[in-house]
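# Overview (structure and organization)
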Amino acid sequence: MKHLRKPIYIIFLILFLLISFKNFSQNIEQKDSINNKLINAAREIMVASGTCALITLDEKNLPMVRVMSPFLPENDFKVWFGTNPKSRKVNQIKKNPKVTLYYLDNDVSGYVVIHGTAQLVDDQKEKEKRWKVEWEAFYPNRPEGYLLIKVSPEWMEVLSFKRGIVGNPITWKAPVVHFDSIK
């Protein structure tokens, strides 16, 4: 009987590891499915909204909010904007590149909040690539009077009642996507 204990323990260990691995892979698949749902909903909201709020911090660390006309989000959810290089937001980003973007769904049933890092881009090719004809009046001296802001997301919250994405029923915390976990 003693000689059977070791093989039985090994069999139980193998079964335990197989069951754990199966549950682990199911959890990963479930998390990927939830992330895909959140990402798809976020993209829909961002595209439909047309504008968003860009939130920076001023010299007193007070939030400063302004409405922006963003370019459509890239596949990795980087967001680009055009602005005046002499604007307050540019100085605020130079001092603290951590920013927040807020998109409100057209029917006001949901939103997307992106927390990320802003980068000021003054590359002529990028500026030509990211130009809107309707901006002509705002940037008469386009080469020097027009600057890009690129926001690289770190994480985002998504809430959309019509898409079945709701927050925690007790805390109301919205579901979160972390971009370091997305490939």
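Presented here is an overview of the structure given in this document. Since this is a predicted model, take the numbers as computed values, not measurements. (Residues numbered from 1 in each chain as written. Predicted model: local features only at pLDDT ≥ 70, side-chain atom pairs only at ≥ 80, totals over all residues. Heavy atoms only, no water.)

Now for the overall build of the protein chain. When helices and strands are counted, the protein chain shows four helices and seven strands. Element order for the protein chain, N to C, with α for helix and β for strand: α-β-β-β-α-β-β-α-α-β-β. Expressed as a percentage of its 183 residues, the buried residues of the protein chain come to 37%. Contacts in the protein chain between residues far apart in sequence, at least 24 positions, make up 62% of those at least 6 positions apart. (Helix = DSSP H or I, 4+ residues; strand = E, 2+ residues; numbered from the N terminus. Buried < 20%, exposed > 50% of the residue type's maximum accessible area, 1.4 Å probe, protein only. Contact = heavy atoms within 4.5 Å.)

What follows covers the pattern of salt bridges. This structure, assessed with the given rule, holds ten salt bridges. For Arg 163, the salt bridge is made with Glu 44, and the minimal N-O distance between the two is 2.7 Å. Here Arg 163 is found in the loop between strand 6 (147-160) and strand 7 (176-178), whereas its partner Glu 44 is found in helix 1 (residues 2-49), with 119 residues between them in sequence. Measuring nitrogen to oxygen at the nearest pair gives 2.7 Å for the salt bridge that ties Asp 76 to Lys 78. (Salt bridge = Lys/Arg side-chain N within 4 Å of Asp/Glu carboxyl O.)

Once that is clear, we can look at unusual backbone geometry. Despite not being glycine, Asn 61 shows a phi value in the positive range, around 65 degrees. Residue position: Asn 61 is located in the loop between strand 1 (52-57) and strand 2 (63-68). Located in the positive-phi region is Phe 77, a residue other than glycine, with phi close to 70 degrees. Judged by relative accessible area, which is 2%, Phe 77 ranks as buried.

With that settled, the discussion passes to the pairing of strand 6. The buried fraction of strand 6 amounts to eleven of the 14 residues, a majority that puts the element mostly inside the structure. As paired strands, strand 3 (residues 79-83) and strand 6 are joined by five bridges and run antiparallel to one another. Along strand 6, the bridge assignment pairs Thr 83 with Leu 147. As defined by bridge partners, strand 6 adjoins strand 7 across three bridges and the pair is classed as antiparallel. (Pairing = 2+ DSSP bridges.)

Now for the nonpolar core. With 26 residues, the main nonpolar core has Phe 77, Phe 81, Leu 101, Tyr 103, Val 112 and Met 156 as its most contacted residues. For this core, the element with the most residues is helix 1, which contributes six residues. The contacts of Val 112, once residues within four sequence positions are left out, are Ala 42, Ile 45, Met 46, Leu 101, Tyr 102, Tyr 103, Met 156 and Glu 157. (Core = buried A, V, L, I, M, F, W, Y, C linked by side-chain atoms within 4.5 Å.)

A word on the packing of aromatic side chains. Per the counting criterion, the structure on display carries nine aromatic pairs. Through pairs of rings, three or more aromatic residues link up here, namely Phe 71, Trp 131, Trp 135, Tyr 139 and Tyr 146. A cation over an aromatic ring shows up here: Arg 43 above the ring of Phe 77, its NZ or CZ 4.4 Å from the ring centre. The ring centre of Trp 131 lies 4.0 Å from the NZ or CZ of Arg 142, which sits over that ring. (Phe/Tyr/Trp six-rings, centres within 6.5 Å; stacked < 30°, edge-to-face > 60°. Lys NZ or Arg CZ within 6 Å of the ring centre and 35° of its normal.)

Of the residues making up helix 2 (residues 88-95), those classed as buried are Lys 89, Val 90, Gln 92 and Ile 93. Angularly, the buried residues of helix 2 cover 165 degrees about the axis, an arc narrow enough to put them on a single face. Residues Arg 88, Lys 94 and Lys 95 are exposed on helix 2 and point more than 90 degrees away from its buried face. (Arc of directions from axis to C-beta.)

Turning our eyes to something else, we now look at the pairing of strand 3. Among the five residues in strand 3, five count as buried, and that is most of the element. The alternating pattern of strand 3 places Val 79, Phe 81 and Thr 83 and Trp 80 and Gly 82 on opposite faces, both of which are buried.

On the surface, Tyr 102, Leu 104 and Val 108 cluster together into a nonpolar patch covering about 250 Å² of accessible area. Among the structural elements, Tyr 102 can be located in strand 4 (residues 98-104). (Patch = residues over 30% accessible without salt bridge, like charges linked within 9 Å, V, L, I, M, F, W, Y side chains within 5 Å. Areas by Shrake-Rupley, 256 points an atom, 1.4 Å probe, with all protein chains shown as cover.)

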